[in-house]
Amino acid sequence: MKKPDTAKQMTIARLLLQGNEACVKGALAAGCRFYAGYPITPASEIMEAMARDLPRAGGSFIQMEDEIASLGAVLGASLTGAKSMTATSGPGFSLMQEHIGYACMAEIPCVIVDVMRGGPSTGLPTQGAQGDVMQARWGTHGDHPIIVLAPSSVYDFYELTIQAFNLSERYRTPVIMLADEAVAHVRESIVLPEAGKVAIEDRAGPTVPPEWYIPYADPGSGIPPMPRFGDGYRYNVTGLTHDVRGYPTTRKDEVEPLISRLFSKISKDIDRLQWFDSYYTEDALVTVIAYGSVARAGLQAVKEARIKGMKAGLVKLKVLWPFMRQTIDAVMGNSSRILVPEMNMGQLSREVKRVNRGNCEVMTLNKYDGTLITPLEILRKLEEIYPC
Amino acid sequence: MLETAHPIHKYLRSSKKFPHIWCAGCGSGIFMNALIRAIDRSGLAKDDIVLVSGIGCSSRLPIYVDFNTVHTTHGRALTFATGIKLANPALKVITIMGDGDAVSIGGNHFIHAARRNVEIASFIINNQIYGMTGGQCSPTTPHGVKTVSSPYGNAENNFDICALAEAAGASFVGRSTVYHTPLLDRLIDKALDKKGFSMVEVISQCVTHGSRWMGLNSPVDMMKWLKEHSLTVEKAKGLGETERKDKIIIGIMADLDRPTYNEEYDRFTR
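Residues numbered from 1 in each chain as written. Chains lettered and ligands numbered in written order. Predicted model: local features only at pLDDT ≥ 70, side-chain atom pairs only at ≥ 80, totals over all residues. Heavy atoms only, no water.

Engineer: Can you help me understand the environment of B:Val207 in this one?
Structural biologist: Along the chain, the position of B:Val207 falls in the loop between strand S6 (198-203) and helix H9 (210-214). Not counting residues up to four positions away in its chain, the partners in contact with B:Val207 are B:Cys23, B:Ala24, B:Gly25, B:Cys26, B:Pro219 and B:Met222. (Helix = DSSP H or I, 4+ residues; strand = E, 2+ residues; numbered from the N terminus. Contact = heavy atoms within 4.5 Å.)

Okay, here's the thing in structure tokens:
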């Protein structure tokens, strides 16, 4: 028997990880130093790994009394400069909605992982779904911008968690990771990038002395610098509409610019937020648009369709919100038919249909019985709709 | 030249657009003055203080004063405060909540913050009414009284906030009214100094809405009412149930030395 190559084993750290564990590794690599959460299936492993690993990384963990409190503590910690996150599933995500709005309004960076399970209500705690796509977009009240990422593999979960922190720090906004139960619980062998290979972003702090600091003034980028509590920049944080100094206001000439800036600070960079992987799309007559674990089934289905001689392709979305209109427009320019398979009654497909200018037919494949969409189901649908 | 020797001038935000939102005769201003005096005596630096509040009349207080301030969501001040204290234990964290804020919508957070014994100095300004929203009854509104949301009389029993805090595990529990300012000063000093979770209930008057059920017309009458209805812990001890009924018991209810959450977390995770 051949001896294992120990030298090689030491340079390549190959790990067998569950999606939820990879999320924790990504968070720690991104610099997460505070976690507050409440137990809930199928997200609890994130909390358990954080309870174990955060103190060793110099951070702190707390199990709060509910999900409202969890996100409250996360926002408080973030105000002191600590990169902070929480993780939950549908019912807990519903409870967090008010504080998501607070984070948008007060511009407090944080990452919220929602491992989606079947709903509504207590629903299907142990089975997968993608039913929170619209809640992630519109769950909190009022007009607000939001960034939502969707991993489809264990490695994705690692990498996108780092990017979730980066975006959150860069734009001073909550970022939601929308994973599904299958991605959270599947175990895959992955190789993590070496430390220092993935760029880590930190929020920009003020560059002026405290007496010159105006907390919510637009520095041009739309993203005001954010000091840490205790550093001498005393300012007021509120969920009320506020003026540039952070004081409550009802003046229309102060309200409108605030809300507009909250949107434009993200929408101005929409080109930088087109994150997707495409497979066999160059000549595809029909393209599958999918995200999460469904994208895995989609890729297998497309490969089998190619073997059968069909010109099928796949676009796997990594960003769900803001909706990647440019990417979808490009797909629609190539294919005459689009299939959007989802583990819900059709949430992202509504958005795809909304941006369709009529040059494409948008079909759906929906499943909401708690079971995964299989490659065979997508293949059959492709055969049915394939333009011949 | 104008004299600005009053300690409050050091702590009020000069950049804030005044006036404040409190009605003339409201007790919140008396508490704000007392808190500022206590902070001034404590020698704490403005940069090291984080003032966290919920939603309601008294929760507007942090906006006016020159510290690190967070005006959070309704009932959730203690959740933010917990995150702040855990992420940066060097900061002095103070919360200001109203009665509806702390023991109705935020009741769960209140008992758990006390149970954990996180070092937070919390102040509950209890005016026994929802003032900002127009005078609805709160969990501390007396049984039987008529408010806009209990037009036939309040069928509910009211909370004893101090007993609640004590039972939940707070290290320091005290109660004063805004009439008894020397006592209030003393309680705030002790709360700010306490290692662990401290709670001071400050009985205050709502001159706009509370006056209706009290049948009183002026802030002066309401403060006289507070004076006449108060009993010190010491005096109350020898009295029977009927004599204590409808009285505000003021003084120190609990003063314990227990390890704080931060200390215990560090000990276990080290």
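Engineer: What exactly am I supposed to notice about the interface of chain B and chain A here?
Structural biologist: Interface size is often expressed as the accessible area that is lost when the parts come together. Contact residues are listed per partner, giving 35 residues for chain B and 40 residues for chain A. Surface buried jointly by chain B and chain A totals about 3100 Å² across both partners, of which 57% is contributed by carbon and sulfur atoms. Of all residues in chain B, B:Lys17, B:Phe80 and B:Tyr265 give up the largest surface area on contact with chain A, accounting jointly for 17% of the area buried on that side. At the junction of chain B and chain A, the tally comes to three salt bridges. Across the pair A:Arg234 and B:Asp47 runs a salt bridge whose closest N-O atoms are separated by 2.6 Å. Here chain B is connected to chain A by 19 residue pairs in polar contact (both at pLDDT 80 or more). Taken together, the elements giving at least two residues each to the side of chain B that touches chain A come down to strand S2 (68-71), helix H4 (77-87), helix H6 (107-116) and helix H13 (261-269) of chain B. Ranked by residues supplied to the side of chain B that touches chain A, first place goes to H4(B) with seven residues. (Buried area = accessible area lost by both parts, 1.4 Å probe. Salt bridge = Lys/Arg side-chain N within 4 Å of Asp/Glu carboxyl O. Polar contact = N/O pair within 3.5 Å; in protein donor to acceptor, adjacent residues only side chain to side chain.)

Engineer: Help me understand empty space enclosed by the protein in this model?
Structural biologist: One water molecule sets the probe size; rolling that probe over the atoms shows where empty space is left. All names here are of chain B. Counted under the stated rule, the structure contains one cavity of 30 Å³ or more. Space inside the largest cavity adds up to approximately 40 Å³. Considering the residues around the largest cavity, the lining is formed by Asn127, Gln128, Ser204, Gln205, Cys206, Trp213, Met214, Met222, Trp225 and Leu226. Counting only elements with at least two residues in the lining of the largest cavity, the list comes to H9 and helix H10 (219-228). Of all the elements, H10 adds the most residues to the lining of the largest cavity, at three residues. (1 Å grid on protein atoms, 1.4 Å probe; cavity = no way out; pocket = protein on both sides within 12 Å on 5 of 7 lines; lining within 4 Å. Points joined across faces, edges and corners; volume = space filled by probe spheres on them.)

Engineer: Looking at this model, I keep getting lost on the sheet that holds strand S12 (residues 286-290) of chain A. Mind explaining?
Structural biologist: Think of a sheet as strands paired side by side through backbone hydrogen bonds, with each pair either parallel or antiparallel. Residues and elements named next belong to chain A. Spatial strand order, S11-S13-S12-S15-S16: five strands in an open sheet with mixed pairing. Two strands in the sheet have a free side with no partner beyond their single neighbour: strand S11 (276-279) and strand S16 (361-366). This sheet shows a mean twist of 20 degrees between the axes of neighbouring strands, independent of strand direction. Note: S12 against strand S15 (residues 337-342), three bridges, orientation parallel. Residue pairing across strands places Thr287 opposite Ile338, the latter belonging to S15. (Pairing = 2+ DSSP bridges. Axes fitted to C-alpha atoms, helices over the stretch in contact; angles between N-to-C directions.)

Engineer: Could you clarify how one ought to interpret the sheet that holds strand S5 (residues 172-177) of chain B in this entry?
Structural biologist: The nine strands are arranged S10(A)-S2(B)-S1(B)-S3(B)-S4(B)-S6(B)-S5(B)-S8(B)-S7(B) in an open sheet whose pairing can be described as mixed. Edge strands, defined here as strands with exactly one partner in the open sheet, are strand S10 (236-238) of chain A together with strand S7 (230-232) of chain B. Taken over all neighbouring pairs, the strand axes of this sheet differ in orientation by 20 degrees on average, direction set aside. Where S10(A) meets S2(B), three bridges bridge the pair, whose relative direction is parallel. By the bridge assignment for S2(B), A:Thr238 is matched with B:His71. On top of the sheet, helix H5 (residues 90-106) of chain A reaches S10 of chain A together with S2 of chain B; it is set at about 140 degrees to S10(A), its chief contact.

From the geometry alone we can't say anything about function, so treat these as descriptive.
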